[in-house]
Structure formats: structure tokens, C-alpha cells
Amino acid sequence: MSVVGGDRNIQRLISSGRQSVEKGQLPARLVANAEIHELEAERVFGRSWVFLAHESEVPEAGDYVVRYMGDDSVIVVRDESGSVRAVANSCRHRGTLLCRTEAGNTSHFRCPYHGWTYKNTGDLTGVPAQEEVYGASMDKAQWNLTPVPRLESYNGLVFGCLDDAAPTLVEYLGDMAWYLDLFTKRSAGGLEVRGEPQRWVIDANWKLGADNFVGDAYHTLMTHRSMAELGLVPPDPKFASAPAHISLSGGHGLGVLGVPPGYEMPPFMNYPEEMIEGLAAGYGNQTHADVLERTIFIHGTVFPNLSFLNVMISKDHMSVPVPMLTMRLWRPLSHDTMEVWSWFLIERDAPEEFKDLSYETYVRTFGVSGVFEQDDAETWRSITKGTQGLLAGSQKLNFEMGLGVLGRDPDWKGPGRALSSGYAEQNQREFWGRWLELLEDVDEDRVVS
């Protein structure tokens, strides 16, 4: 029997939350709950495929980065044979963190406590004074670094999973893979990460970032209204209502927004012509190219905490809009604090001048001090504070947008359940529903706070 915390009604809250979110209402107490935070590591992050790195971050043998899966620190490394591996950043002797730097290159990892040494494959190769204190017959193979049980890559995106019984990554992604192809297979050279991922801490619950990106185009009307007034986005803030809002299985979801009626925008997000030549051939079908041709904004979340944004935007009011792509991870630090990891990605074979311009646009808009990013961060902090306490926590939040009102978009060419407006909360309902499904305790012998 496991007892977590002191509130023995938390499972009833989770169960009732599942029922109410289907009707478009979410108990506010669920947003940033300390007891639930303890469950998430095991039941959400312990069962889901979690993004770790892009393969371009470890291009050479010996390159490594340190990443996180829930509470676990993980070393992602390219070994001497060229294979990408992921192992626990924890010495098998006393559990000491092996890597104290976030990235580097090495053929071996040596523990700073007692000197146990491992190859970058994770194999234990050196134990100081082994024969004297352990004996010559010590089987070092039993004490290799613990590998992440499941490690797979999709178009260069490396994911890990702690659950041996989980489906394959492609099965887990489902139809989301089709949409990831929109930007991961756009050019023959594929994507590369430019620079180190930016990182910052926000006093907000991690799910608010995932919720925002999974389907919230509606907030553009108010939160980013000043950006429209400054000319960084189309002048009518309602541009984000252009379809489609697309729900997928497993809590994944996204918005693929087109050009507003009467507003002229260059095709294919204004990517350089040499990058879009043969686009249909690169995708292997015409449908991806047709979807991308009149798209200006793609945002979404791969459940639980990987989000992406591919948008054509201006870096300032004097500049023409250019496309940029960012992926971000919402890493939970506590129930009311998250660390944001933000990657800038660009086509490997793009012209250098375009790479520089796209990167500058990212930094000014959605980098750590970007004008759009600051808008969102303050809102998420406010929600986290605004759902705490006895009175605020007793409320139910309205997630009804589009429920019973919006119909399917008959013209949408991609997979999933696409609605006829980008202003909807179908994706948010399904994101929170999947989260609650994983949290719900089905073991009658288990007592949870």
C-alpha cells in the first residue's frame, strides 16, 4: 500500500475531473496540485515517450548532452560506433551524478566520488583497487550504467520511455507523426539544432505551456494584441481563428492556421525558393505540400510536454516576415514551477543568410526574452497563482469553447479531427483528459492522497 500526502480525496478529485473535463469543465484545483505532482513522475512521465534531444546535438562520436525524464537525469550520448544511447546519469556505486556539465565530448565517464569509470556505451571498465577490495572475479558487466529501457528516434527527434510495455514510438505518436513530417521532412538535409537550447524558469505549472501550445489560438486576440498593433503579425488579431484545430489520439493536438481571407502572404511561409523546390517529392506525397503552401502558423504538443511552433513572423515592425521553428520542453520542477527548454531548429541545407535571419527572429519573438514569450510566461504565472487557495481551487474552469458548436472541417486534407475554426478547446479537453486518465488509480489496494 502506498500513501502519498494527507488528502485522501485526491483520487476522487481525479476521477471527477475526468468526467467533468469531457463536459468542458476542469476543477481548478487540478492545475497546480502538490500531491498530484508527486504522482506525475510515475504515472505520466514514467509511462509516456519523452523527448530527449535532436540527433544533431550529438553529431560526433563521444558527444553527449544531459537531459531529464521526470525526476531522472539522463545522459544522451553518441558512442564510438555512432549509435545514440541514453543512460541514467547515476554511478552504480553510490548513485553520484556522473556528468556535471550539460554537454561535452568524452570516450569515458568517470565518477568524481570513487573513480568508477564507464565507456560512453555505459559499460563499466574501471574500478580503482578492484582486485584488493572486490576481487579479480568481480563481474563488472553487472554494474554497467542503467540504460533508458526504450529509446527510439523519429526523423532525428530522440525520445525515451521508461515503460517496457509501452507501444513503439511511431504507435505512440499516431497521426501526430504526419504533422511532424510537415517540418522534419521539408528538405533533403533535414533539421539541425542551432546553438544551445535556451533555458529559463517560470513560476508556473508545466501543463500550462503544453495546454497553450496544444490548441490555444484564442489567446492571440488579447494576450498578443500589442504584437498585431506593432505589425509583427497580421493586423487583425483574429487571424489565429483561421482553421484548423486538430485533435489526435493520446492527448496530442495541434493547430495549423492558414492565411486570413483578404490578406496576402507569400506561400510556404516565405521559405527560400531553393528550399521548397521538389517539396512534394521530399514528402512523398502532394498533400503535405498542399497543406503547407497556405499555412502561416503551426503550433502543437506531443503529449505530455514537448511542444513546437513553426510560424512566419516579423522580428520587428520594419522587417518582412520570415519563418522560424522552435521546439520546447516544459520540465516540471514542482507543482508551481517549471523549467522551459527551447530549441531553435533550421533546415541543414538552408542558405546561411536565411539561417541567421530566422534565428534572430526566433530570439526576438520566442526566445527567453522574446516579446511573445514574455506575454505567455506572465499569463501562465498568473494562472498558477489564480487557481490556488480554498476559494479559487473550488472553482471549475470553462473549457467549453467549440463544444457542440463547431463542426468538422470538410476541406481539411490531413488526418485527425479538424474543426472549422482555430478558436476551440477540443484539444485542451483531450490533453487534460489523457493526463487524468494516466493519473487515475485503478488499483483498489492503493490509497493515494
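In the annotation of an unreviewed UniProt entry, the protein chain is listed under the name Rieske 2Fe-2S domain-containing protein and assigned to Pseudonocardia benzenivorans. The record held by UniProt for the protein chain lists under Sequence similarities (unreviewed entry) the comment "Belongs to the bacterial ring-hydroxylating dioxygenase alpha subunit family."

Q: Please explain unusual backbone geometry as it appears in this structure.
A: The omega torsion of the bond from Phe-303 to Pro-304 falls at 5°, within 30 degrees of zero and hence cis. Following the sequence through the fold, Pro-304 ends up in the loop between β16 (295–302) and β17 (306–313). Unlike most non-glycine residues, Asn-155 shows phi in positive territory, near 50°. Along the chain, Asn-155 turns up in the loop between β10 (150–154) and β11 (157–161). Although it is not a glycine, Asn-270 adopts a positive phi angle of roughly 70°. By secondary structure assignment, the location of Asn-270 is in the loop between β15 (253–258) and α8 (273–276).

Q: Whenever I open this one, helix α14 (residues 426–439) confuses me. Can you help?
A: Since the α-helix advances by 3.6 residues per turn, residues separated by three or four positions end up pointing in the same direction. In this model α14 runs 20 Å from its N-terminal to its C-terminal C-alpha over 14 residues, within 8% of the 20 Å that 1.5 Å per residue would give. In terms of burial, α14 is largely enclosed, as eleven of its 14 residues are buried. Within α14, the full set of buried residues consists of Gln-426, Asn-427, Gln-428, Arg-429, Phe-431, Trp-432, Gly-433, Trp-435, Leu-436, Leu-438 and Leu-439.

Q: Could you clarify how one ought to interpret the environment of Phe-45 in this entry?
A: With respect to the helices and strands, the residue Phe-45 is situated in the loop between α2 (34–43) and β2 (50–54). By relative accessible area, Phe-45 is classed as buried at 2%.

Q: Mind showing me how you'd approach the packing of helix α1 (residues 10–22) against α14 here?
A: To characterise two packed helices, one gives the angle between the axes of the helices and the distance between these axes. The interhelical angle for the contact between α1 and α14, taken along N-to-C directions, is 150°, at an axis separation of 9 Å. As summarised for this structure, α1 and α14 are arranged roughly antiparallel, according to the angle between their axes. When you trace α1 past α14, the crossing you get is left-handed. On α14, the residues touching Gln-11, Ile-14, Gly-17, Arg-18 and Val-21 of α1 are Arg-429, Trp-432, Gly-433, Leu-436, Glu-437 and Leu-439. Taken together, the residues that form the contact of α1 with α14 break down as five nonpolar, three polar and three charged.

Q: Explain the side chain of His-93 here, please?
A: Its place among the elements puts His-93 in the loop between β5 (84–88) and β6 (103–105). A polar contact of 3.0 Å, which involves the side chain of His-93, links it to the side chain of His-114. When near neighbours in sequence (up to four residues on either side) are disregarded, His-93 contacts His-114, Trp-116, Tyr-118 and Tyr-134.

Q: I'm lost on the sheet that holds β5 in this one. Help?
A: The strands making up a sheet are joined through hydrogen bonds of the backbone, oriented either antiparallel or parallel. Here four strands make up an open sheet; going across it, the order is β5-β4-β3-β6 and the pairing antiparallel. Here the strands that pair on one side only, and so sit at the sheet edges, are β5 and β6. Strand-to-strand twist of the sheet, defined as the mean angle between neighbouring strand axes without regard to direction, takes the value 30°. Looking at chain direction, strand β3 (residues 63–69) and β6 are connected through three bridges and run antiparallel. Pairing of Tyr-64 across the sheet is with Gly-104, part of β6.

Definitions and cut-offs
- Residues numbered from 1 in each chain as written.
- Predicted model: local features only at pLDDT ≥ 70, side-chain atom pairs only at ≥ 80, totals over all residues.
- Heavy atoms only, no water.
- UniProt positions renumbered as here; feature names shortened; annotations may be inferred.
- Helix = DSSP H or I, 4+ residues; strand = E, 2+ residues; numbered from the N terminus.
- Expected span 1.5 Å × (residues − 1).
- Buried < 20%, exposed > 50% of the residue type's maximum accessible area, 1.4 Å probe, protein only.
- Axes fitted to C-alpha atoms, helices over the stretch in contact; angles between N-to-C directions.
- Parallel < 35°, antiparallel > 145°, perpendicular 65-115°, else oblique.
- Left-handed = near helix turned anticlockwise from the far one by under 90°.
- Contact = heavy atoms within 4.5 Å.
- Nonpolar A, V, L, I, M, F, W, Y, C, P; charged D, E, K, R; others polar.
- Polar contact = N/O pair within 3.5 Å; in protein donor to acceptor, adjacent residues only side chain to side chain.
- Pairing = 2+ DSSP bridges.

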